[in-house]
Number of protein chains: 2
Amino acid sequence: MTHHSYLRRALELARTHSRSGMNGPFGAVVVRGGEIVGEGWNRVVETSDPTAHAEILAVREAARTLGSHDLSGCVLYSSCEPCPMCLSAIYWAHIAELHFAATQEDAAAAGFDDALILSELAQKWEERRVPAHQALAREGAEVLEEWTRNPRRVPY
Amino acid sequence: MTHHSYLRRALELARTHSRSGMNGPFGAVVVRGGEIVGEGWNRVVETSDPTAHAEILAVREAARTLGSHDLSGCVLYSSCEPCPMCLSAIYWAHIAELHFAATQEDAAAAGFDDALILSELAQKWEERRVPAHQALAREGAEVLEEWTRNPRRVPY
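As the structure is a prediction and not an experimental result, all values here were calculated from the model.

What counts, and where the lines are drawn
- Residues numbered from 1 in each chain as written.
- Chains lettered and ligands numbered in written order.
- Predicted model: local features only at pLDDT ≥ 70, side-chain atom pairs only at ≥ 80, totals over all residues.
- Heavy atoms only, no water.
- Core = buried A, V, L, I, M, F, W, Y, C linked by side-chain atoms within 4.5 Å.
- Buried < 20%, exposed > 50% of the residue type's maximum accessible area, 1.4 Å probe, protein only.
- Contact = heavy atoms within 4.5 Å.
- Buried area = accessible area lost by both parts, 1.4 Å probe.
- Salt bridge = Lys/Arg side-chain N within 4 Å of Asp/Glu carboxyl O.
- Polar contact = N/O pair within 3.5 Å; in protein donor to acceptor, adjacent residues only side chain to side chain.
- Helix = DSSP H or I, 4+ residues; strand = E, 2+ residues; numbered from the N terminus.
- Pairing = 2+ DSSP bridges.
- Axes fitted to C-alpha atoms, helices over the stretch in contact; angles between N-to-C directions.
- Least-squares fit on C-alpha atoms with pLDDT ≥ 70 in both.
- Lys, Arg positive; Asp, Glu negative; His and termini not counted.
- Disulfide = S-S within 2.5 Å.

Undergrad: Can you lay out the nonpolar core for me, pointing to particular residues and giving the numbers?
TA: In terms of nonpolar packing, the biggest core is built from 72 residues, with Val30(A), Leu71(A), Met85(A), Ile95(A), Leu71(B), Met85(B) and Ile95(B) touching the most fellow members. Discounting residues that sit within four places of it in the chain, Leu71(B) has contacts with Val59(B), Ala62(B), Ala63(B), Leu66(B), Ala93(B), His94(B) and Ile95(B).

This is how it looks when you write it as structure tokens:
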């Protein structure tokens, strides 16, 4: 299969699963060594899960299939340019390469505003819309220091 | 209960669940109207899921508890400043307020490099480390346009 055929599969998932109106129009596929190891489509409303974006679900399924949280060597195909949450997940999963069809501008025109989140991420806490407060700084740092001294820790 | 006691619960989840070395040292709690409606701790390695960060799991549990993807009015307490994936999820979930203990600098000192992802998000595609390719732009845009014409669509 070619890059285009995997991308068309992602588009097909987006199209068919959004017809009901219940799921957002996004689909994604994770491929490793020419084989599809994970598929996902937006299920935010259907499953009452704000994190159930197509790419997140495709990454989670691929990780289950491969039995590892590390998806190095995998390629992700998405019907649309990933939002900041999904793009961050791509980095955490060590996805090697990304292919997408629609842009964030296309998504914004359909009512999905990723740009707001991206601009918020670029701000400092005091300028973000979600008020954030730090407390118990010492106790917080201690939990992380304890981790660095834990001989059984598994880095990821 | 006070802000500090919810934050201490998040720290306790981080501490106890990371002792085995299997789970990263992060915990989170979602509170609504004074009640804990979701709890989570890092389970990336244990569950082979690169998205299983404490905040993501706490948000998902809260959404299940409340039967809605919309967590407006909820407050999130995290043992550490959220990474870009989790912070984006906080926006998608419409979390009203955030409290955290350790900082991203503390996390970086323990080996968790959120700063790399944050700087990558601020780049354009051609400068990011994950190579990205756009194709089938017209077909991609059409899927989103079809959604805007779908009379059954449920916005989220």
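Past the structure itself, the notes keep going.
Undergrad: Give me the interface of chain A and chain B: which residues, what numbers.
TA: Contacts between the two partners involve 89 residues from chain A and, on the opposite side, 89 residues from chain B. Here chain A meets chain B over a buried area of about 7,800 Å², counting both sides, of which 67% is carbon and sulfur. Looking only at chain A, the three residues that lose the most surface to chain B are Tyr91(A), Trp92(A) and Tyr156(A), adding up to 11% of its buried area. In this structure, the salt-bridge partner of Asp49(A) is Arg60(B), at a minimum N-O distance of 3.1 Å. Our enumeration of links across chain A and chain B arrives at 32 residue pairs in polar contact (both at pLDDT 80 or more). Take the side of chain A that touches chain B: its biggest share by element is nine residues, from helix H6 (residues 137-148) of chain A.

Undergrad: Give a description of the sheet that holds strand S5 (residues 132-134) of chain B that names residues and reports values.
TA: Within a sheet, neighbouring strands are paired by backbone hydrogen bonds and run either parallel or antiparallel to one another. The mixed open sheet is built from five strands, whose spatial order is S2(A)-S1(A)-S3(A)-S4(A)-S5(B). The open sheet has two edge strands with one neighbour each: strand S2 (35-41) of chain A together with S5 of chain B. The mean inter-strand angle of the sheet, taken between neighbouring strand axes irrespective of direction, is 20°. With six bridges connecting them, strand S1 (residues 27-32) of chain A and S2(A) associate as antiparallel partners. Opposite Ala28(A), over in S2(A), you have Gly40(A) as the bridge partner. Most of the contacts of helix H1 (residues 3-18) of chain A go to S1(A), to which it runs at about 145°, and overall it touches S1, S2, strand S3 (75-80) and strand S4 (97-102) of chain A. Against the sheet, helix H6 (residues 137-148) of chain B engages S3 and S4 of chain A together with S5 of chain B, with an angle of about 60° to S4(A).

Undergrad: Mind laying out the pattern of salt bridges, listing which residues take part and the relevant values?
TA: Across all of its chains, the model carries 16 salt bridges over all chains by this definition. Residue Glu46(B) pairs with Arg43(B) through a salt bridge whose shortest N-O separation is 3.1 Å. Residue Arg43(B) is classed as partly exposed on the basis of its relative accessible area of 28%. Because the salt bridges share partners, they merge into one network encompassing Arg9(A), Glu12(A) and Glu39(A).

Undergrad: I'd like a description of helix H3 (residues 84-92) of chain B, backed by residues and values.
TA: Taking burial as the measure, the nine residues of H3(B) include nine buried ones, the bulk of the element. When we look at burial in H3(B), the residues that qualify are Pro84(B), Met85(B), Cys86(B), Leu87(B), Ser88(B), Ala89(B), Ile90(B), Tyr91(B) and Trp92(B). Where H3(B) is buried, its residues meet helix H3 (84-92) and helix H5 (114-121) of chain A together with helix H2 (54-66), strand S3 (75-80), strand S4 (97-102) and helix H5 (114-121) of chain B.

Undergrad: Kindly report on the relation of the copies chain A and chain B, identifying the contributing residues and their values.
TA: Superposition of chain A onto chain B requires a rotation of 180° combined with a translation of 0.0 Å along the rotation axis, giving an RMSD of 0.0 Å. Those values place the two copies in the arrangement expected of a two-fold rotation axis. For chain A, the minimum C-alpha distance to the rotation axis belongs to Met85(A) and amounts to 2.2 Å. An overlap of 100% is found between the interface residues of chain A and their copies at the interface of chain B, pointing to a shared contact surface.

Undergrad: Explain the sheet that holds strand S1 (residues 27-32) of chain B to me, using residue names and the numbers behind them.
TA: Here we have five strands laid out as an open sheet, ordered S5(A)-S4(B)-S3(B)-S1(B)-S2(B), and mixed in their pairing. The open sheet terminates on both sides in strands that have one partner only, identified here as strand S5 (132-134) of chain A together with strand S2 (35-41) of chain B. Within this sheet the neighbouring strands show an average axis-to-axis angle of 20°, counted without direction. Note that S5(A) and S4(B) share three bridges and pair parallel. Paired with His133(A) across the two strands is His99(B), which belongs to S4(B). This element, H2(B), spans S1, S2 and S3 of chain B of the sheet and lies at about 145° to S2(B).

Undergrad: Any chance you could break down the side chain of Glu120(B) for me, citing the residues and the numbers?
TA: Relative to the helices and strands, Glu120(B) is located in helix H5. This buried residue, Glu120(B), is left without a salt bridge; Arg129(B) holds the nearest opposite charge, at 4.0 Å. Those residues in contact with Glu120(B) that sit more than four places away from it in its chain are Tyr91(A), Glu127(B), Arg128(B), Arg129(B) and Val130(B).

Undergrad: If you had to explain the state of the cysteines to someone new, which residues and values would you point to?
TA: Residues and elements named next belong to chain A. Counted by the stated rule, this structure contains zero disulfides over all chains. In this structure Cys-74 is not part of a disulfide, and its nearest cysteine sulfur, from Cys-86, lies 16 Å away. Judged by relative accessible area, Cys-74 falls into the buried class, the value being 0%.

Undergrad: Go over the environment of Glu142(A) with me, naming the residues and quoting the values.
TA: In this fold, Glu142(A) is placed in helix H6. Of the residues examined, Glu142(A) reaches a relative accessible area of 39% and is grouped as partly exposed.

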